[in-house]
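Survey of secondary and tertiary structure
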Amino acid sequence: MKEEATFDAIVVGSGISGGWAAKELCDKGLKTLVLERGRSVEHLKDYPTAHLHPWQIPHRGRMSKAFLEENPLISKAAGFGSDNAHFFIRDQDHPYIQEKPFDWIRGYQVGGKSLTWGRACQRWSDFEFTAPQRFGYGIDWPIRYKDIAPWYTHVENFIGVCGNADGIEAMPDGEFLPPFQLNCVEAALQQSIKKNYPNRHLVQARWAHLTKPKEIHRQQGRGQCQARNLCMRGCPFGGYFSSVSSTLPWAQKTGKLTIRPHSVVHSILYDSQTQKASGVRIIDAETRQTIDFSARIIFVNASALNSNLILLNSRSSRFPNGLGNDSGLLGKYVAFHNYRASLHAEMPGFTDRYYFGRNPTDAIIANYRNLHTQDTDYLGGFTTFLGAYRSKGKLEAQSSGFGAEFKRAMTEPGPWQIYMYMQGETIPKASNHVRLSSDQTDPWGIPRLITSVGYDENDEKMTQDFLRESEAMLEKAGCTNIETHDNKQAPGLDIHEMGGVRMGRDPKTSVLNAHNQMHTVPNVFVTDGACMTSTGNQSPSLLYMALTARAVHHAAQELKAGHL
Ligand SMILES: Cc1cc2nc3c(=O)[nH]c(=O)nc-3n(C[C@H](O)[C@H](O)[C@H](O)COP(=O)(O)OP(=O)(O)OC[C@H]3O[C@@H](n4cnc5c(N)ncnc54)[C@H](O)[C@@H]3O)c2cc1C
C-alpha cells in the first residue's frame, strides 16, 4: 500500500513536547503525522526490565567496563544503568562536535526522554518571565505568567501532578493531586529554615506522579503510582507521565494520528511562492530512502539542540542560513541549567524514626535569590532540591563491603543523611551557540552539530553562593559532617539545554513570536526547549508542554481563519 504523504500537521519528535503537540492537534481533529527518528516504544509492551529484581539485571544495574569505555558520555547521565540503557543512545551512533566540553544526553525512541525524565514539574513565576527585562540580560519574554497560567492548568490536569498549594510567590500553585509527605528530617529542616530565614521556603516539590488518579487519568489507562521508584524503566502502572503512557495513546484513540518511527528528519521544506513551509524531508533510518511529507502546519519538537540542527539544515534560496534565520540568531543564545553544586550532611538524632516505601520525589527550596531586586553580585536564581534518608548500617561497617560485621550492619538502619543540589539559571549569550559542521556529517549524511557552550563568571559566583548559603542552612538545623562539592561537570549533563530559536517580540532579536510561531515562516512552530528566551530556575518540561498546548490552540485558530 502506498504510504500517505499529505497531512494537516506534522510533528517532529515524539518526546515530552512532541507528544503534547500530537495530542492537542488530534484533539482538534487535525490529521497528524509524528516523525520520530528512533524505534517504536509501546506502553507496557516495551518496558523489558519493569518487573525485574536487582539480581535479574546484568551486573545488578551497573554497566560493564567495555560498555563504559565505549560510551563514556551517555553513561554519565543521571540514573543511567543497565536496567534503562535501552532508553538512551549509544555514543558512537550519534556523533557531534564539542568545541567546548558539552555532554549531550539523548534518548532516541518514541517517547524520547519522557521515559527517563525526573518528573519535577514546578511552574515558572512572573519573577522568571520578567527577570531578563528587569535586570537587563537577554531580551524580554513576549509572554507573562498570566498568558501561560491557563495552559499550565490544562497540562497539569491531564498529566497528573502531585504537590501542595504552598502559596509561595516564586513558585506558583497549580492543580495538584495529593503530595508525597516530607519525612521527619526533611520536616525538621523545614522548621529550622522557617525560623531562621523567613523568606525561604522548603516544601515538597511538584511531580508528575499519579498519587490519586482521577477519571481523566483512568481514561488514559493509567493507574496509581506505587512508589516503586523504578520509573526510568517505564512504569507498567502508568504512574508517572510519559508520552508513551499518556499523550500518544490518547492521540491514537482519536483516529487522527500516524506515528512514523525510524524517520530521521533532515530538514523542513520551504515554498518560496507561498512563503510558507510545505513539508518535511526525512531519511528512513532502515531503508536510507529520502522521503518528503507535506502538511499545512509543522511543529518542531525534536528537543532543543536537535530542533536547532534541523532548522539550521533547512536551507533554501530564501533562507540560505537556515529556516527563518533572517536575523542570524538561529543557534545562538543557547543556555542550560547549572547542576554543578551539591552538599551532603548528617543529621544527628531521629534514630527511632523511619519512613515507608521508596519515595520517587525530592523536596525543594524555592528560589530565594534576585526576586524583587538584584540582591547578589550575579544574575539569575536557583532552585534547591533536597532529601533526607537513612543509610544502611553503621557507616564505619560499610567501608569493608564484606564479612559478617558488614552483613549484620546491613540489617540496621544507619544515621540520617541529607543531600542538596542546585538547579541554577544560566544567562543566555550569543557566544554560547550551536552551528553546523561544514565538512563532517553523521551516518545519515546530515551535517554534524557543533556545540560551543560553556560556563562563565556568573555561574561561578552563583555556585559559590549556593554552597555557602546551603551550608549555613544545614548548620543552623544542627547537621554535622557537611560536605560541599563543585563537580565542575560539563554543560549538557544537566539535560536542560535550551535556546537557539528564542521567542521575542522583535524579528530582529528573536526567531519566534509570542505563540512560538516563526516570525518569517508562520506555519512553523517550535515549542521545545529551543524556544526559551531565558532558562529560569525551574525544571523546564512543564513549561514546554504548556507552551505547546497554547501554540496548537493558536495554530488551529489561524488555520480556521484561513491565515495559514
Ligand atoms: C535523567 C533525566 C532527568 C530529567 N529530569 C527532568 C525533570 O525532573 N524535570 C524536567 O522538567 N525535565 C527533566 N529532564 C529533561 C526532560 O527530559 C526534557 O526537558 C524533555 O524530555 C524535553 O522534551 P522534548 O520534547 O523537547 O525532547 P525529548 O523528550 O528528548 O523528545 C525529542 C524526540 O525527538 C526525536 N528526534 C530528535 N531528532 C530528530 C530528528 N532529526 N528526526 C526525528 N525525530 C527526532 C528524539 O528521538 C526524541 O524522541 C530530565 C531528563 C533526563 C534524561
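Throughout what follows, the structure given in this document is the object of discussion.

Counting buried residues along helix α3 (residues 126-135), seven of its ten residues qualify, which places the element largely inside the surrounding structure. Within the sequence span of α3, burial applies to Phe127, Glu128, Phe129, Thr130, Ala131, Pro132 and Phe135. At its buried positions, α3 is contacted by α4 (145-159) and α12 (541-560). The distance from a side-chain oxygen at the start of α3 to the backbone nitrogen of phenylalanine 127 is 3.1 Å, and the residue carrying that oxygen is serine 125. Of the residues one or two after α3, glycine 136 is the one with positive phi, at around 75°.

Turning our eyes to something else, we now look at α12. For α12, spanning 20 residues, the distance from its first C-alpha to its last is 29 Å, which sits close to the expected 28 Å at 1.5 Å a residue. Of all 20 residues in α12, 17 are buried; the element is thus mostly enclosed. Note on α12: the residue one or two positions beyond its end, glycine 562, has a positive phi of about 75°.

It is worth spelling out the packing of aromatic side chains at this point. Using the criterion set out here, one finds 22 aromatic pairs in the structure. With centroids separated by 5.0 Å and ring planes inclined at 45°, the aromatic side chains of tryptophan 124 and phenylalanine 129 adopt a geometry described as tilted. Ring centres of tyrosine 389 and tyrosine 419 lie 6.2 Å apart, and the angle between their planes is 40°; on these two criteria the pair is classed as tilted. Of this pair, tyrosine 389 sits in strand β13 (residues 382-392) while tyrosine 419 sits in strand β14 (residues 413-425); the two residues are 30 residues apart in sequence, bridging distant segments of the chain. Judged by relative accessible area, tyrosine 389 falls into the partly exposed class, the value being 31%. An aromatic cluster of three or more residues is present, and its members are Trp207, Tyr339, Phe385, Tyr389, Tyr419 and Tyr421. The ring of tyrosine 240 carries arginine 119 above its face, with NZ or CZ at 5.7 Å from the centroid. Residue placement shows arginine 340 over the ring face of tyrosine 455; its charged tip is 4.6 Å from the ring centre.

Criteria and thresholds
- Residues numbered from 1 in each chain as written.
- Predicted model: local features only at pLDDT ≥ 70, side-chain atom pairs only at ≥ 80, totals over all residues.
- Heavy atoms only, no water.
- Buried < 20%, exposed > 50% of the residue type's maximum accessible area, 1.4 Å probe, protein only.
- Helix = DSSP H or I, 4+ residues; strand = E, 2+ residues; numbered from the N terminus.
- Contact = heavy atoms within 4.5 Å.
- Polar contact = N/O pair within 3.5 Å; in protein donor to acceptor, adjacent residues only side chain to side chain.
- Expected span 1.5 Å × (residues − 1).
- Phe/Tyr/Trp six-rings, centres within 6.5 Å; stacked < 30°, edge-to-face > 60°.
- Lys NZ or Arg CZ within 6 Å of the ring centre and 35° of its normal.

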